[in-house]
Amino acid sequence: MSTLAHTMMTAARSADSGLTGPGELDRYPYADAAMADRVAAPVWDGGDTELGRVGRRTAGSRGRGLHGQLVQQLGQMIVSGDLGADRPLVPEEIGQRFEVSRTVVRESLRVLEAKGLVSARPNVGTRVRPVSDWNLLDPDIIEWRAFGPQRDDQRRELSELRLTIEPLAARLAAGHGREEVQQRLSDMVEIMGHAMAQGDALTFSRADNEFHGLLIQVAGNRMLEHLSGIVSAALQVSGGPVTACDRPNESCLAVHARIVDALGTGDGTAAETAMRQLLIVHPEVERVVPAPREH
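Remember, predicted model here, so these are calculated numbers, not experimental data.

When helices and strands are tallied, the protein chain shows 13 helices and three strands. Counting only residues that meet the buried cut, the protein chain has 46% of its 295 residues in that class. Intrachain contacts of the protein chain at a sequence separation of at least 6 include 68% that bridge at least 24 residues. Per element, the accessible surface of the protein chain, about 14,500 Å² overall, is 50% carbon and sulfur.

Listed below in structure tokens is the structure:
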């Protein structure tokens, strides 16, 4: 096993046990919050006593401190429909319900406004915006939709988007044969193989995430590169069907290896074909990638 593979697998086990390795976890970021930690969003109008403190219900929040937790909580409530379109959001009421300061509320609403979820106007106040105004490519919104009532639509849309982005990225990447990138992709395949042999789904997921993200970043198209976060979010929130290798097996691993080989020989057509096979043919994906829709 290579040094990189050993390091990555050790870091993943540390994360799984709640222990942080020496700086390794930050190198392989991904969402590992268990579904059991995710709870249904509260109803704003219900006088729910559990609304008392944000920290009680935001174990899966990627934000830090009360500010990040409040963004997570309000975002989930908006995306789930608990706070419907054109719903007024009164900062004082939010502060009282979640026991946070006006500064925390103000900064949280600014973040949500940047995501297109709310709008603030003089003499009107802050209101929830309709879905058509949301930044649906924002990783947080992708996550909130993927674990909310719109989960089926979100996962289908992510699958369709990946089918558009990743085969093209694979073809373009074949024309950028940088040796260090080729080695890195090969390392990820090696790590996935070792992880699969040991039944280490955590490490497999990390390596799969890095493989797909790196391939997009080396495609030589800056606009595609900006979309790499979408693919990463799709892999992180898949919970199963969006990720081609959510259930590791030899077939999935072999297709990854074929992509690496095609990139090494500069065969863009073969790389594109293999990536498309990975996203469509693999059994775990057939459940989500739909047949062409009739209009």
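Let us now look at the side chain of K115. Positionally, K115 belongs in the loop between α4 (102–114) and β2 (118–121). According to the relative accessible area criterion, K115 is buried, its value standing at 8%. Among residues more than four places away in sequence, those in contact with K115 are W134, N135, D138, D140, I141 and W144.

It is worth spelling out the nonpolar core at this point. Counting 37 residues, the largest nonpolar core has L185, F211, L215, I259, L263 and M275 as its most contacted members. Here the element with the most residues in this core is helix α7 (residues 179–197); it accounts for eight residues. Membership of the second largest hydrophobic core comes to 21 residues, among which are L74, V79, F98 and W144.

Turning our attention to unusual backbone geometry. One non-glycine residue, D86, lies in the positive phi region at around 70°. For D86, the location among the structural elements is in the loop between α2 (65–80) and β1 (88–89). We note that N123 has phi near 65°; this positive angle belongs to a residue other than glycine. Turning to its location among the elements, N123 is positioned in the loop between β2 and β3 (125–128). Residue classification places N123 among the exposed residues on the basis of a relative accessible area of 86%.

Pairing of β1 with β3, which is carried by two bridges, proceeds in the antiparallel orientation. Among the inter-strand pairings, L89 is bridged to a residue of β3, identified as T126. Where β2 and β3 come together, four bridges link them in antiparallel fashion. Looking at the pairing, A120 lines up with T126 of β3. What sits between β2 and β3 in their antiparallel hairpin is a turn of three residues, with N123 showing a positive phi close to 65°.

What follows is about the sheet that holds β1. One open sheet holds the three strands; their spatial order is β1-β3-β2, and the pairing between them is antiparallel. Both outer strands of the open sheet, β1 and β2, are each paired with one neighbouring strand and no more.

Summed over the entire model, instances satisfying the criterion amount to 14 salt bridges. Notably, a salt bridge pairs E157 with R156, separated by 3.8 Å at the nearest N-O pair. We classify R156 as buried; its relative accessible area is 18%. The partner of E272 in a salt bridge is R276, and the shortest N-O contact between them spans 3.7 Å. Taken together, the positions of E272 and R276, both in helix α12 (residues 268–280) and four residues apart, correspond to about one turn of that helix. For R276, a relative accessible area of 35% corresponds to the partly exposed category. Within the structure, one salt-bridge network assembled from shared partners comprises R145, D153, R156, E157 and E160.

What counts, and at which threshold
- Residues numbered from 1 in each chain as written.
- Predicted model: local features only at pLDDT ≥ 70, side-chain atom pairs only at ≥ 80, totals over all residues.
- Heavy atoms only, no water.
- Helix = DSSP H or I, 4+ residues; strand = E, 2+ residues; numbered from the N terminus.
- Buried < 20%, exposed > 50% of the residue type's maximum accessible area, 1.4 Å probe, protein only.
- Contact = heavy atoms within 4.5 Å.
- Areas by Shrake-Rupley, 256 points an atom, 1.4 Å probe, with all protein chains shown as cover.
- Core = buried A, V, L, I, M, F, W, Y, C linked by side-chain atoms within 4.5 Å.
- Pairing = 2+ DSSP bridges.
- Salt bridge = Lys/Arg side-chain N within 4 Å of Asp/Glu carboxyl O.

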